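Each chain is listed here by its residues.
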Amino acid sequence: RARGGGADAARTAAAARARSGQATSKLWRSRTATTTATATTKMIMNMKQAAILIALVGTASAFSAKAPKTAAKGLKVPAFASGRWGAPTQKKEESDRPASEAVPFLTRPEALDSLPRVLPGDYGFDPLGLASTPENLLNYRDAEIKHGRIAMLAALGWPISELLDGKLAKMFHLTDIIAQNYGKAPSILNGGLEKVPVGFWLVALGFTAAIEARQSEIITAADKAGKRSSYLPGDFGFDPLNVFPKDEAARKKFLDAETNNGRLAMLAIVGFAVQEAFTHIAVIKETPGFFGGL
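This report concerns the structure included in the present document. Please read all numbers here as calculations on a predicted model, not as lab measurements. (Residues numbered from 1 in each chain as written. Predicted model: local features only at pLDDT ≥ 70, side-chain atom pairs only at ≥ 80, totals over all residues. Heavy atoms only, no water.)

### Digging into the packing of helix H2 (residues 134-171) against helix H5 (residues 248-279)
No. 1: At their nearest, the axes of H2 and H5 sit 7 Å apart, and the two run at 50 degrees to each other. As summarised for this structure, H2 and H5 are arranged oblique, according to the angle between their axes. Crossing of H2 against H5: the hand is left-handed. (Axes fitted to C-alpha atoms, helices over the stretch in contact; angles between N-to-C directions. Helix = DSSP H or I, 4+ residues; strand = E, 2+ residues; numbered from the N terminus. Parallel < 35°, antiparallel > 145°, perpendicular 65-115°, else oblique. Left-handed = near helix turned anticlockwise from the far one by under 90°.)

### Some thoughts on the pattern of salt bridges
No. 1: With the rule as written, the count across this model stands at nine salt bridges.
No. 2: Between Arg 108 and Asp 113 there is a salt bridge, and its shortest N-O distance comes to 2.9 Å.
No. 3: One salt bridge connects Lys 195 with Glu 194, and the closest N-O pair in it is separated by 3.2 Å.
No. 4: Salt bridges linked by common partners bring Arg 108, Asp 113 and Asp 122 together as one network. (Salt bridge = Lys/Arg side-chain N within 4 Å of Asp/Glu carboxyl O.)

### A word on the nonpolar core
No. 1: In this structure, Ala 151, Ala 155, Trp 158, Ile 178, Ala 185, Ala 265, Ile 269, Phe 272, Ala 273 and Val 283 together form the largest nonpolar core, which totals 10 residues.
No. 2: The dominant element in this core, judged by the number of residues it contributes, is H5, at four residues.
No. 3: In this view, Trp 158 contacts Ala 185, Ser 187, Asn 190, Ile 269, Phe 272, Ala 273, Glu 276 and Val 283; residues no more than four positions away in its chain are not counted.
No. 4: Counting six residues, the second-largest nonpolar core is a separate cluster that includes Leu 119, Ala 131, Leu 137 and Leu 138. (Core = buried A, V, L, I, M, F, W, Y, C linked by side-chain atoms within 4.5 Å. Buried < 20%, exposed > 50% of the residue type's maximum accessible area, 1.4 Å probe, protein only. Contact = heavy atoms within 4.5 Å.)

Next up, the structure:
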């Protein structure tokens with residue numbers, strides 16, 4: 001019994017030492033984890049402080065004036081500002097160029113000044129440098145004017161079609177395309193374009209071809225006369241109501257308004273299409289304050 005009691009005491013002591021060792025190990029692991037977490041937290045805080053400092057320095061340098069470059073480089077004449085594009089213009093150093101009106105912390109793109117006049121709606125915005133030459137500038141502006149005009153018509157026609165298509169279809173005994181498309185205007189995202197009569201597409205295609213042919217004639221004539229730089233993008237000689245002002249200042253205001261409204265309409269029509277595609281609710285029902293009484 002004495003030997004048995006001694007064995008039991010030995011086992012109890014061994015178990016106590018094991019538990020003590022486990023507790024010590026847990027405490028060590030806990031302290032190690034705490035130390036690691038503290039070090040990681042300090043490192044993250046230091047990284048955040050460094051990032052904030054870099055951002056502040058970068059922001060300050062973006063808004064501060066750049067140091068002038070050496071005068072040895074002088075002024076250069078860009079190759080694209082010659083020939084049919086008008087008299088050559090001197091290229092200013094980057095630090096001498098004015099700030100962009102649209103993006104004040106960027107300089108005004110030089111290509112926007114490559115023509116002998118300022119185009120309507122010019123706010124110095126071309127951060128990607130797409131209008132790298134006068135020809136690109138006029139081509140992009142032509143495309144912008146065309147898309148802006150189409151978008152203005154579409155931004156007006158989209159809600160009107162949802163409001164009146166059913167009434168007009170009933171009046172003329174035609175198919176109500178909007179009703180078949182769950183009250184939404186046909187579009188690429190909404191679907192329903194296959195329901196639009198083929199005659200509409202033929203008329204639209206013919207009208208577009210006539211516009212493109214007319215523009216090609218005007219540009220070709222300007223090129224032959226060496227007056228391409230005086231060509232006004234979007235000018236097809238079409239003004240049957242004689243609404244284009246005669247005064248130069250009024251003309252500028254008129255053209256600025258058309259360009260800006262076209263840009264706004266392009267954003268609007270994209271918003272119409274995306275909104276209806278994701279919510280499956282017609283524009284006129286999303287804004288009953290505008291269309292509820294119609």
